[in-house]
Amino acid sequence: MADLLIELFSEEIPARMQARAREDLKKLVTDGLVEAGLTYRSAGVFSTPRRLTLAIEGLSAHSPTTREERKGPRTDAPEAALEGFLRSTGLTRDQLEARDDKKGQVWFATITRPGRPAADIVAEVLEAAIRNFPWPKSMRWGAGNLRWVRPLHSILCLLTDESGASVVPLEIEGIRASNTTRGHRFMAPEEFTVSGFDDYAAKLRRARVMLDSAEREAAIRQEAANLAFARGWEIVPDEGLLTEVAGLVEWPVPLMGAIEDRFLSLPPEVLQTSMKEHQKFFSARNPKSGRIEGFVTVANIETSDQGETILKGNQRVLAARLSDAAFFWENDLREARSGMTDWAEGLKAVTFQSRLGSQADRITRIAALARQIAPLVGADADQAEQAARVAKLDLRSAMVGEFPELQGIMGRYYALEAGLPAAVADAARDHYSPLGPSDAVPSAPVSVAVALADKLDTLTGFWAIDEKPTGSKDPFALRRAALGVIRLVLVNGARLGLSELFRLFGEAHLAALKPGQGDQQIATLQNDLLAFFYDRLKVHLRDQGIRHDIIDAVLNMPGSDDLVLLVNRATALNDVLRTNDGTNLLQGLKRAGNILAQAEDKDGVEYSFGADPKFAETDEERALFAALDQAEPAIRNAVTGEDFPAAMQAIAALRAPIDAFFEAVQINTDNQIVRRNRLNLLSRIREAGRLIADFGRIEG
C-alpha cells in the first residue's frame, strides 16, 4: 500500500470555483484509479487560492492481472468478420481457440491484461484529469494548448510507501511533476520539498499557508468575533461571504475598522451590501444602537505595522464607495418625498416580459387584484391596492440600480419617507417573500395580499402565454412562485379558493393577450394551474411526512382548491393511517370498495341504496348497521365543521365492526335478497369513507 499526494499549483483560482474544483479533482482521479484496477482506503481534498490538493491513503501498489474471455464469430464466418474480431481483441488468429457451440464451432479469445504499477496508472489518470478538468471558465497561456482556470505553474505528484517517497513520472506541456511546492506568495515564496502529506501540510503552515478551507473559515470567524467583542460590537453573520473570503486568502489576518460618522445615517442594509459586494468586508453591528458601525476586512499577509497601512487603504476605498451610496440615497430620498411619480412613470418603459407588458402594466393588474384578495386575508383593501402600486417603484431608484439585491428593502424606506402607512411600507419590503423554502413568510395582512397578488399574476401570466416549466427547466422561477403562494396560504391560514383567483388573474391576462377568449380557455388555464399547484403541494408536504397518495385521496373532495382545508384533511388522514387501527381500517374500507366494484361490474348495476337491517342474518351484520347509523352523522357533522380529527375518530370506530363483518359474513351468498342487502351495506361503508377521502387511492 502507498499514499498519493497531488498538488496542482497555479495563479489565483476564483473563490466561487474552489469548492466545485475540489470535488471534481477528487472524482476524476479516484474514479480513474478505480477503473484502472487500483483500490484505496480514503481520499481528502483541499484548496487555497493557489492550489488544489488531493491526498489518497492506502493506494494499492499495482493493478491485478485480469483475464477476459470473449466469444467471436463462427469458424466458417466470412474473413472480414474474423478480422474485425481480431482487431477488437488485439490478438492474432493462432491465439484464438475453436470451441463447439450450439450452431457449430466458434472462435473464442482469451485476453490477458497484466497488472501495472500504480505510478504508471497515476500518471495517466492525472494527465487526463488535468487536460479534461471541467472548469466553468478556463484559459490558455504561452505557446501550449493546455487550458486551466489560471496559468498552471507546477505539479506535485508523490507516491510514498515503506521504501520512501518517489515522484510519479509525468510531464504536461513542459510542466514536469516534482516533489516541490511553494508557500505564501509574499511571506514564504521559496520552493521546498516534501516527503508526504503530513510533511506537506506541516511545511505549508510554517510557510504561512492554511491548507484546509474549513480551518481558514473557522479562524476568520473566531478572530472577527474577538475583534468585534473588544469594541462592544457583534459580527453580522454571513456564511456565504465567509466561504468566499476564505477562498481569497491563504493566511487570513482579520483587521477591524470603523465607519466614518458621516455614513452612519445610511440604512444598515446599504452599508452591509456595499461593504460586502464591493469590498468583501464583514459588517460589525452595535447591539445597543442596532447600527452598522464597523467592519472587518481579511488581509492575506502579516505586516510589521499590524495591518495599519492595509486598513487605512481599505478605509479610503470604503469612504469612496459609501460616498456614492450616500449620493444615491439623498437623490432617492428627494424623489420619494415628492411622491415617486417619476419612478412610476419610468416603469412604463421597463419591460416585464415582451408579451406580458411593462412593469407599469403589471402594477396596475396587481393593484386591482390585491384589492380583491385583501378581504380574504383580513387586509384593508385600500392599503393593499396602495401597497401594490408603490411596492415596485424602487426598481427605478439609483440605489436599487446599484444594488439590485436591495429591491423591496429600499422600497420600504422610500414608502415611509413618502409618508405612507407602515403596513404599506412593510408590504413593499415583504411582497417578494418567501423567495425560497427557508425564507420567512410574511404575516402582516397587507403584505400577504400583495405578495399573493404578485406571485399569482406571474403564474397566470406565464400560463396565459404558454411559458410553463418543463423538466428541469424553469427560467422564470414559476415553481418557486407556486411554492411561495402555498407557504403564504398555509402559514397564514388563508382561506382562498384558488380556482376563482386563477379565473380573476387569468381573465386579466387573456383580455389583453387574446381578446374574446371564452370560458373554455379560462377553464383550461384554471385546471392546468391547479394541477401544477397540486404537484408543488405534494413536494412541499413530502418533507412533512405526508405521502403523495394521501394528497391524491383528498384532491377530489369538495373545496380541494382551498389549500388550508385540503392540508387539514390530509394531515388528519395521515395521522390516523400511521396507527395500527388506521392501517386496519384502510384495509377494511379498500376491501369493501373492491368487492363492491367487482359486483357492480359483474351485475351492471350500482349498489348504492336500500340496505335494510331487517334482512341481516348475523349479529355481525346488525352490529355493523348500528355502527354505521352512529358513525355516518358524526362524520358528516365533523366534516361540515371542518373538524377532521373528529371525523377520523368517528370513522375509526368502524374498524372493529367492519373486521368482524368480513370474518363472519359471506357476501356472495346464494340468497340474492341477502346478497343485494350486503352489497348495499358495503356501499354504506364506501360512502362513509368518501365523506372524508377517496381511500381507494391510498397505497397499502
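Preceding this paragraph is the structure being described.
A brief look at the structure comes next. (Residues numbered from 1 in each chain as written. Predicted model: local features only at pLDDT ≥ 70, side-chain atom pairs only at ≥ 80, totals over all residues. Heavy atoms only, no water.)

Thoughts on a negative patch on the surface
A contiguous patch of negative charge on the surface is contributed by Asp 3, Asp 161, Glu 162 and Asp 198. Following the sequence through the fold, Asp 3 ends up in strand E1 (residues 2–10). You can call Asp 3 partly exposed: its relative accessible area is 35%. (Patch = residues over 30% accessible without salt bridge, like charges linked within 9 Å, V, L, I, M, F, W, Y side chains within 5 Å. Areas by Shrake-Rupley, 256 points an atom, 1.4 Å probe, with all protein chains shown as cover. Salt bridge = Lys/Arg side-chain N within 4 Å of Asp/Glu carboxyl O. Lys, Arg positive; Asp, Glu negative; His and termini not counted. Charge placed at Lys NZ, Arg CZ, Asp CG, Glu CD. Helix = DSSP H or I, 4+ residues; strand = E, 2+ residues; numbered from the N terminus. Buried < 20%, exposed > 50% of the residue type's maximum accessible area, 1.4 Å probe, protein only.)

Describing the nonpolar core
Counting residues in each nonpolar core, the largest one holds 149 residues, and the members touching the most others are Met 399, Leu 459, Phe 533 and Leu 573. Here the element with the most residues in this core is helix H15 (residues 445–464); it accounts for 12 residues. Counting residues in hydrophobic clusters, the runner-up holds 38 residues, among them Leu 38, Leu 52, Ala 118 and Cys 157. (Core = buried A, V, L, I, M, F, W, Y, C linked by side-chain atoms within 4.5 Å.)

Some details on the sheet that holds E1
Read from one edge of the open sheet, five strands run E2-E3-E1-E7-E8, paired in antiparallel fashion. The open sheet terminates on both sides in strands that have one partner only, identified here as strand E2 (42–48) and strand E8 (164–167). Strand-to-strand twist across the sheet, computed as the mean angle between neighbouring axes with direction ignored, equals 15°. Contacting E1, E2 and strand E3 (51–59), helix H1 (residues 15–35) runs over the sheet at an angle of about 35° to E3. With respect to the sheet, helix H3 (residues 118–131) is in contact with E1, E3 and strand E7 (152–161), its orientation differing from that of E7 by roughly 155°. (Pairing = 2+ DSSP bridges. Axes fitted to C-alpha atoms, helices over the stretch in contact; angles between N-to-C directions. Contact = heavy atoms within 4.5 Å.)

Here we look at unusual backbone geometry
Looking along the chain, the bond that leaves Ser 433 and enters Pro 434 is cis, with omega of -10°. Locating Pro 434 in the fold gives a position in the loop between helix H14 (422–430) and H15. The residue Lys 280 is not glycine, and still its phi comes out positive at about 60°. Along the polypeptide, Lys 280 turns up in the loop between helix H7 (268–279) and strand E15 (282–285). Phi angles above zero are rare outside glycine, and Asp 466 is one such case at about 60°. Among the structural elements, Asp 466 can be located in the loop between H15 and helix H16 (478–492). Residue class for Asp 466 comes out exposed when judged on its relative accessible area of 55%.

Some thoughts on the layout of surface pockets
The space that makes up the largest pocket amounts to roughly 700 Å³. Along the walls of the largest pocket sit 25 residues, with Lys 392, Tyr 432, Leu 435, Asp 454 and Arg 480 positioned nearest its centre. Secondary-structure elements contributing two or more residues to the lining of the largest pocket are helix H10 (359–373), H14, H15 and H16. Of the residues assigned to the lining of the largest pocket, the class counts are 11 nonpolar, five polar and nine charged. (1 Å grid on protein atoms, 1.4 Å probe; cavity = no way out; pocket = protein on both sides within 12 Å on 5 of 7 lines; lining within 4 Å. Points joined across faces, edges and corners; volume = space filled by probe spheres on them. Nonpolar A, V, L, I, M, F, W, Y, C, P; charged D, E, K, R; others polar.)

Describing the packing of helix H22 (residues 619–640) against helix H23 (residues 644–652)
The relative placement of two packed helices comes down to the angle between their axes together with the axis-to-axis distance. Axis separation between H22 and H23 bottoms out at 8 Å; the angle between their running directions is 165°. As judged from the angle between their axes, H22 and H23 are roughly antiparallel. The handedness of the crossing between H22 and H23 comes out as left-handed. Contacts from Ala 631, Ala 634, Ile 635, Ala 638 and Val 639 in H22 reach Phe 644, Ala 646, Ala 647, Ala 650 and Ile 651 in H23. Partitioning the contact of H22 with H23 into residue classes produces 10 nonpolar, no polar and no charged. (Parallel < 35°, antiparallel > 145°, perpendicular 65-115°, else oblique. Left-handed = near helix turned anticlockwise from the far one by under 90°.)

Brief notes about the environment of Arg 321
When you line up the elements, Arg 321 lands in helix H8 (residues 308–337). A relative accessible area of 33% means that Arg 321 is categorised as partly exposed. Sequence-wise, Arg 321 and Phe 192 are 129 residues apart; in three dimensions their C-alpha atoms are separated by 42 Å. Apart from the residues within four sequence positions on either side, Arg 321 is in contact with Ser 274, His 278 and Gln 279.

What to know about helix H24 (residues 655–664)
Those residues of H24 that fall on the buried side of the exposure criterion are Pro 657, Ile 658, Phe 661 and Phe 662. End-on, the buried residues of H24 take up no more than an arc of 130°, which puts them together on one face. Opposite the buried face of H24, by more than 90 degrees, sit the exposed residues Ala 656 and Glu 663. On its buried face, H24 sits against helix H21 (580–603), H22 and helix H25 (672–690). (Arc of directions from axis to C-beta.)

What to know about the pairing of E7
Counting buried positions along E7 yields seven of 10 residues, so the element is predominantly enclosed. Pairing of E1 with E7 involves eight bridges; the strand directions are antiparallel. Paired with Leu 5 across the strands is Leu 158, a residue of E7. Of the strand pairs in this sheet, E7 and E8 are connected by four bridges, and their pairing is antiparallel. Paired with Asp 161 across the bridge in E8 is Gly 164. Hairpin connection of E7 to E8: two residues between the antiparallel strands.

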